[in-house]
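Here are the chains, one letter per residue:
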Amino acid sequence: MHRPSLPTIFFIGTLGIATFSGMDAVMKGLSLAIGTYNALFWRMWAASLCGAIVWAMRRPKAPSRAAVKLHLTRGAVGATMAFLFFWGLARVPMAQAIALSYIAPLLALFLAAMILGERIGRGVVGASLIASAGVGVILIGQAQSRLGDEAFLGALSILASAVCYSWNIVLMRQQAQVASPEEVGLFQSLVAAVLLSLPAPWLAELPPVREIGPILLAAVLSTVSLMLLSWAYARAEAQYLAPTEYTSFVWAALLGWVVFGEHVSLYTLAGAGLIVGGCLIAARMKPQVMTHEAEAALP
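What this report covers is the structure whose coordinates are included nearby. (Residues numbered from 1 in each chain as written. Predicted model: local features only at pLDDT ≥ 70, side-chain atom pairs only at ≥ 80, totals over all residues. Heavy atoms only, no water.)

Considerations on the side chain of T244
Formally: In DSSP terms, a helix is any run of H or I states spanning at least four residues, a strand is any run of E spanning at least two, and both are numbered starting from the N terminus. Should any heavy atoms of two residues lie within 4.5 Å, those residues are considered in contact.
Relative to the helices and strands, T244 resides in the loop between α11 (238-241) and α12 (248-260). Excluding residues that lie within four positions of it along the chain, T244 makes contacts with F10, G13, T14 and I17.

Section: the pattern of salt bridges
Formally: In what follows, salt bridge is the name for a side-chain nitrogen of Lys or Arg lying within 4 Å of a carboxyl oxygen of Asp or Glu. Note on exposure labels: buried denotes an accessible area under 20% of the residue type's maximum, exposed denotes more than 50%, and partly exposed covers the range between, all computed with a 1.4 Å probe on protein chains only.
Considering all chains together, one arrives at two salt bridges under this definition. The partner of E262 in a salt bridge is K28, with the nearest N and O atoms 2.5 Å apart. Here the residue E262 occupies a position in the loop between α12 and α13 (266-283), and K28 occupies one in helix α1 (residues 6-34), the gap between them amounting to 234 residues. With a relative accessible area of 15%, E262 lands in the buried category. With a relative accessible area of 5%, K28 lands in the buried category.

Here's the deal with the environment of E183
Put simply, the rule is: Identification of polar contacts relies on pairs of N or O atoms within 3.5 Å, with a donor-acceptor requirement for protein atoms, meaning one able to donate a hydrogen and the other able to accept it, and with residues adjacent in sequence counted only if both atoms are side-chain atoms.
Structurally, the position occupied by E183 is in helix α8 (residues 181-196). Here E183 falls in the buried class, since its relative accessible area comes to 8%. When near neighbours in sequence (up to four residues on either side) are disregarded, E183 contacts W55, P63, A67 and H71. Within the structure, E183 has its side chain in polar contact with the side chain of H71 (distance 2.7 Å).

Quick look at the environment of I138
Relative to the elements of secondary structure, I138 occurs in helix α6 (residues 122-143). Classification of I138 as buried rests on a relative accessible area of 1%. I138 sits 132 residues away from A270 along the chain, and the two C-alpha atoms are 7.7 Å apart. Ignoring anything within four residues of it in the chain, the contact list for I138 reads A99, F249, Y267, T268, G271, A272 and I275.

Considering the packing of aromatic side chains
Rule in force here: Think of it this way: a Phe, Tyr or Trp ring, Trp meaning its six-membered ring, pairs with another when their centres are within 6.5 Å, and the plane angle makes it stacked under 30 degrees, edge-to-face over 60, tilted otherwise. By the criterion adopted, a ring carries a charge over it if an Arg CZ or a Lys NZ lies within 6 Å of its centre and within 35 degrees of its normal.
Taken as a whole, this structure holds four aromatic pairs when the rule is applied. Taken together, a centroid distance of 5.7 Å and an interplanar angle of 15° make the contact between Y37 and F41 stacked. Taken as a pair, Y37 and F41 lie in helix α2 (residues 36-57) at a separation of four residues, close to a single helical turn. Take Y37 and F41: they sit in the same class, and that class is buried. Look at F85 and F86: their rings are 5.4 Å apart centre to centre, the planes differ by 75°, and that puts the pair in the edge-to-face class. The structure contains a cluster of three or more aromatic residues connected by ring pairs, namely Y37, F41 and W42. The residue whose ring lies beneath K28 is F260, and the NZ or CZ to ring-centre distance is 5.0 Å.

Quick look at a nonpolar patch on the surface
Under the convention used in this document: Nonpolar side chains (Val, Leu, Ile, Met, Phe, Trp, Tyr) within 5 Å and like charges within 9 Å form the patches, drawn only from residues with over 30% relative accessible area and no salt bridge. Surface accessibility follows the Shrake-Rupley procedure with a 1.4 Å probe radius. Residue values consider only the protein chains on display as shielding.
A surface patch of nonpolar side chains, amounting to about 580 Å² of accessible area, comprises I103, L107, F152, L153, L156, L159 and V163. If you list the elements that add at least two residues to the nonpolar patch, you get α5 (103-116) and α7 (149-178). Here the nonpolar patch gets five residues from one element, more than from any other, and that element is α7. Along the polypeptide, L156 turns up in helix α7. Owing to a relative accessible area of 43%, L156 belongs among the partly exposed residues under this scheme.

Details of the side chain of R43
Our working rule: We treat Lys and Arg as the positive residues and Asp and Glu as the negative residues; His and chain ends play no part in the count.
Along the chain, R43 falls in helix α2. Buried charge R43 goes without a salt bridge, the closest partner of opposite sign being D24 at 6.4 Å.

Points about the nonpolar core
Inside soluble globular proteins, nonpolar side chains tend to come together where they are buried. What counts is decided by this rule: Working definition of a nonpolar core: buried Ala, Val, Leu, Ile, Met, Phe, Trp, Tyr and Cys residues. They are joined through side-chain atoms within 4.5 Å.
Counting 45 residues, the largest nonpolar core has M27, F86 and F249 as its most contacted members. No other element matches the seven residues that α2 contributes to this core. Aside from chain neighbours lying at most four places away, what touches M27 is A39, L40, R43, F86 and A218. Formed by 25 residues, the second largest nonpolar core is a distinct cluster that contains F10, I17, I169 and M172.

Below, the structure is given as structure tokens:
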């Protein structure tokens, strides 16, 4: 089997993040229109349907016991992470929300070392520090503006979500070793949808007809993103791919400006430059990749 190059793996991971950023923009609009819970509830069930169709087309085998355990764990973590993030995203600009979430890839480097036994290369850490300096510049710029109580609570919610996401990154790497991208895409959404259904009798409401299109779009984008990221994380270490998370800031700033009219300051542009620079440095590192034999055994 032909082994993809490191730049190809990094590009696929980055494409997965770009797709996810598009979903973020759609979900912010839905959260403002029908509330965070209902936006997430209906998107997860729509994504489960999309994932089931793709998975069934592959004539899959039943998930292994190890895979089921990871599906349940990541689904629960993902549901908590998503609710906290989208609740906060409805209250702060997209670029600021993404900047705050960048604590997650940094935490993921150390979690990957503790849980997966990965060694943290100095070059990758240095690249992440450069990117985190860019986040600091952005936050300094945000401190110049006045934020209300709702925005402050939104920021706290996003930081809590980032802690969950750091674990999610490591779980993504573990999950990708025992399940196909199609299986990951289905069960990540399905487990979260079932958990979100528990309070549905009290909280769920039928969405207006005009919001059905955005819900379906968000579902497709999230499913595609999950499969792309699963493919990439099955072929390179979490510490190598974690910096791709930083590219989401560029997309968030662009989408926030185009869709929601959110201002992008000079601080934001300077920080974005550092973030992209850090990602480019990380992309030139040479971490461990899978052997031909190991890759041939992938689901």
